[in-house]
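Fold and geometry: a report
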Amino acid sequence: MRSGNPVLKESTFLDLGSGAVVSRDGQAMTLNGTVNKTGFLLLLTVMTSAFAWTQALGPDGTPAPGFSVYVWGGAIGGLVLALVTAFKKEWSPVTAPLYALVEGFFLGAISALYNHFYEGIVMQAVMLTFGTLFALLFAYRTGLVKATENFKLGVVAATGGIALVYLATIVLGFFNIQIPLIHESGIVGIGFSLFVIVIAALNLVLDFDFIESGVEQGAPKYMEWYGAFGLMVTLVWLYIEFLRLLAKLQSRN
């Protein structure tokens, strides 16, 4: 696999019928095109996030009537669009922007709630997220970090393990059962959040490798949207994990 991100994998660039790399003369994937589309998706996310931020909470800081709509609508809608995009890559020029818009509602509502309880936490999480993005991009471009096969396998395995833990948390939550320690603000909980952040950050390296590979192999033009979408999925995950970590740290004060 090229990436621990489940929506980005090596077979993305292959024609499933012939096994050959799919390319289009004059319409191939480019690095600049992917960067531009990533920026556009970020802009869409910020727009809907800002709107949800202003609407999610009432004047007294309590959740507004539409709070659950933004949170659950954004989360479920984002998941559905992510799955559709993963299975129908050629639809990504449409589904990727829709994902960014819908996910923005979720992020804006959640961010407003976190910021209500821990003032300034959102700006810290945003700075840490983009700081991590640029630091890992620099490390990748300079060769300090290389996406070797063993590196990929390790990150993929760790990502899968984290996904199973979160899935178990959701399922057990329906029965009012909580996994002890890892979601609390103790040493174990903080250590778990740090571990998850490291794995999410390493997924960025694999995503860079995936995009670079697509450009080199002459993937079709729509893969610029798909590559940008995959990078957005990782950035959203990383941002949420930074929020969780900062909340745990501040709750100890």
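Looking up the protein chain in an unreviewed UniProt entry gives the name Bax inhibitor-1/YccA family protein, with the organism given as Luteimonas kalidii.

Observations concerning the overall build of the protein chain
Within the protein chain, the secondary structure is distributed over 7 helices and 0 strands. Mapped in sequence order, the helices and strands of the protein chain form the string α-α-α-α-α-α-α. The buried share of the protein chain, taken over its 253 residues, is 44%. Surface exposure of the protein chain reaches about 12,900 Å², of which carbon and sulfur atoms provide 70%.

A closer look at the nonpolar core
Counting residues in hydrophobic clusters, the biggest one holds 62 residues, and the most contacted among them are Leu-41, Tyr-99, Leu-204, Phe-208 and Leu-243. Secondary structure elements with two or more residues in this core: helix H1 (31-56), helix H2 (67-87), helix H3 (92-117), helix H4 (121-141), helix H5 (149-173), helix H6 (187-217) and helix H7 (223-251). Residues in contact with Leu-243, not counting those within four places in the same chain, are Ile-110, Ser-111, Tyr-114, Ile-121, Val-122 and Ala-125.

So, the pattern of salt bridges
Following the criterion strictly, the structure yields 6 salt bridges and no others. In this structure, Arg-141 engages Glu-212 in a salt bridge whose closest nitrogen and oxygen atoms are separated by 2.9 Å. Residue Arg-141 is found in helix H4, and its partner Glu-212 is found in helix H6; the two are separated by 71 residues along the sequence. Measuring nitrogen to oxygen at the nearest pair gives 2.9 Å for the salt bridge that ties Lys-221 to Glu-224. Looking at Lys-221, the relative accessible area reads 33%, which means it is partly exposed. By sharing partners, the salt bridges in this structure join Lys-37, Lys-221 and Glu-224 into a single network.

A word on the environment of Ile-187
Relative to the elements of secondary structure, Ile-187 occurs in helix H6. For the pair Ile-187 and Lys-248, spaced 61 residues apart in sequence, the C-alpha separation works out to 9.7 Å.

As for the UniProt feature "transmembrane region" (unreviewed entry) in the protein chain
The UniProt record annotates "transmembrane region" (unreviewed entry) at residues 39-57, 69-88, 94-114, 121-141, 153-175, 187-206 and 226-247. Between the end C-alpha atoms of residues 153-175 the distance is 34 Å, and the span holds 91% helix and 0% strand. From the first C-alpha to the last, residues 226-247 spans 32 Å; its make-up is 100% helix and 0% strand.

Conventions we followed
Residues numbered from 1 in each chain as written. Predicted model: local features only at pLDDT ≥ 70, side-chain atom pairs only at ≥ 80, totals over all residues. Heavy atoms only, no water. Helix = DSSP H or I, 4+ residues; strand = E, 2+ residues; numbered from the N terminus. Buried < 20%, exposed > 50% of the residue type's maximum accessible area, 1.4 Å probe, protein only. Areas by Shrake-Rupley, 256 points an atom, 1.4 Å probe, with all protein chains shown as cover. Core = buried A, V, L, I, M, F, W, Y, C linked by side-chain atoms within 4.5 Å. Contact = heavy atoms within 4.5 Å. Salt bridge = Lys/Arg side-chain N within 4 Å of Asp/Glu carboxyl O. UniProt positions renumbered as here; feature names shortened; annotations may be inferred.

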